[in-house]
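Each chain is listed here by its residues.
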Amino acid sequence: MLEKSKITLDVKDYTSELTSRLQDADERKAEGNVFFRAGKWNEAISAYASALALLPQLVPQDPTQPTDCDEDEVASGSTNSPNHSNSMAEEAKLEQKTELDLQCAKVRSVLNANIGACYVKLGDHKQAVDACSQALHDDPTYVKALQRRAASNEEINSWSSLTAAQEDYNALLKLSIPQSDIRAVESKLRQLTPRIEVAQKTETAEMLDKLKGVGNSILAGTQRTRRIFGKLFSMKFGNFIYYACTI
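Values in this document were obtained by computation on a predicted structure and should not be read as measured data.

Caption draft 1: Here's a closer look at the confidence of the model for the chain. Summarising the model, the chain shows a mean pLDDT of 79, and 68% of its residues fall at 70 or more. Low confidence marks residues 61-85, where pLDDT is under 50. Its contacts with residues over four positions away, or in another chain, come to 10 contacts.

Caption draft 2: Structural detail: the packing of helix H5 (residues 125-138) against helix H6 (residues 143-156). Where H5 meets H6, the axes come as close as 9 Å, and the angle between the chain directions of the two elements is 155°. In terms of axis orientation, H5 runs roughly antiparallel to H6. Note that H5 runs across H6; the crossing there is left-handed. For the pair H5 and H6, the contacting residues are His125, Lys126, Ala128, Val129, Cys132, Ser133, Ala135 and Leu136 in the first and Ala145, Leu146, Arg148, Arg149, Ser152, Asn153, Glu155 and Ile156 in the second. Tallied by class, residues from the contact of H5 with H6 come to 8 nonpolar, 4 polar and 4 charged.

Caption draft 3: Layout of the environment of asparagine 153. Along the chain, the position of asparagine 153 falls in helix H6. A relative accessible area of 6% means that asparagine 153 is categorised as buried. For the pair asparagine 153 and alanine 164, spaced 11 residues apart in sequence, the C-alpha to C-alpha distance is 6.9 Å. In contact with asparagine 153, other than residues within four places in its own chain, are Val129, Ser161, Leu162, Ala164 and Ala165.

Caption draft 4: Main features of the packing of aromatic side chains. Under the criterion given, the structure shown has 1 aromatic pair. When the ring centre of tyrosine 142 is taken as origin, the NZ or CZ atom of lysine 106, which lies over that ring, is 5.1 Å away.

What counts and how
- Residues numbered from 1 in each chain as written.
- Predicted model: local features only at pLDDT ≥ 70, side-chain atom pairs only at ≥ 80, totals over all residues.
- Heavy atoms only, no water.
- pLDDT = per-residue confidence, 0-100.
- Contact = heavy atoms within 4.5 Å.
- Axes fitted to C-alpha atoms, helices over the stretch in contact; angles between N-to-C directions.
- Helix = DSSP H or I, 4+ residues; strand = E, 2+ residues; numbered from the N terminus.
- Parallel < 35°, antiparallel > 145°, perpendicular 65-115°, else oblique.
- Left-handed = near helix turned anticlockwise from the far one by under 90°.
- Nonpolar A, V, L, I, M, F, W, Y, C, P; charged D, E, K, R; others polar.
- Buried < 20%, exposed > 50% of the residue type's maximum accessible area, 1.4 Å probe, protein only.
- Phe/Tyr/Trp six-rings, centres within 6.5 Å; stacked < 30°, edge-to-face > 60°.
- Lys NZ or Arg CZ within 6 Å of the ring centre and 35° of its normal.

Right, dumping it as structure tokens:
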């Protein structure tokens, strides 16, 4: 039988460690904010990144991984196996650590969004998009992260990035945002539609030109090969020794 005291001790250790890490991360985030206000974007990124390093990272659950509970136990309803005891322990830990995990997710989201803001200031919009995407993994409804990612994707100005910006603006309209922001987002969406069409046509034309160039290179190579073999064929019936010497 699983000892309740062992589960409690394990959860207390986890809670204590995570609480301490959250406090340290908050201090480093505050340092990053000071750098940001001073316009020291790279230093701010370093401070935010060091805060992130203190926190457990978001790990997506792999559905292909087996669970602790055996299929036969589920079918029979058995609860007396070691696997079932382990499952009980994990459930007890999860119930007590959920609030802390939510705090970690919130802090990670803010830190990544802040890193995105720094990259915006540095003009590195691809990195800004990546950072905001990390923030949205933890909080898909984070308005500032959606706004920053959409704005940076607009700056990148490719067909795919403009389409992604359109998706983010549409996502914003489904959230509770101020009426003034709604009007601004709707205006952005109207402006994006013709830009996406232009980018699509431009990139499609560029792709077709590249394919045409590849095709012409292959055709030219084929024609050259035919000429060479044509000469070789003529050598077979001409003065072979003389022609071979002139090559």
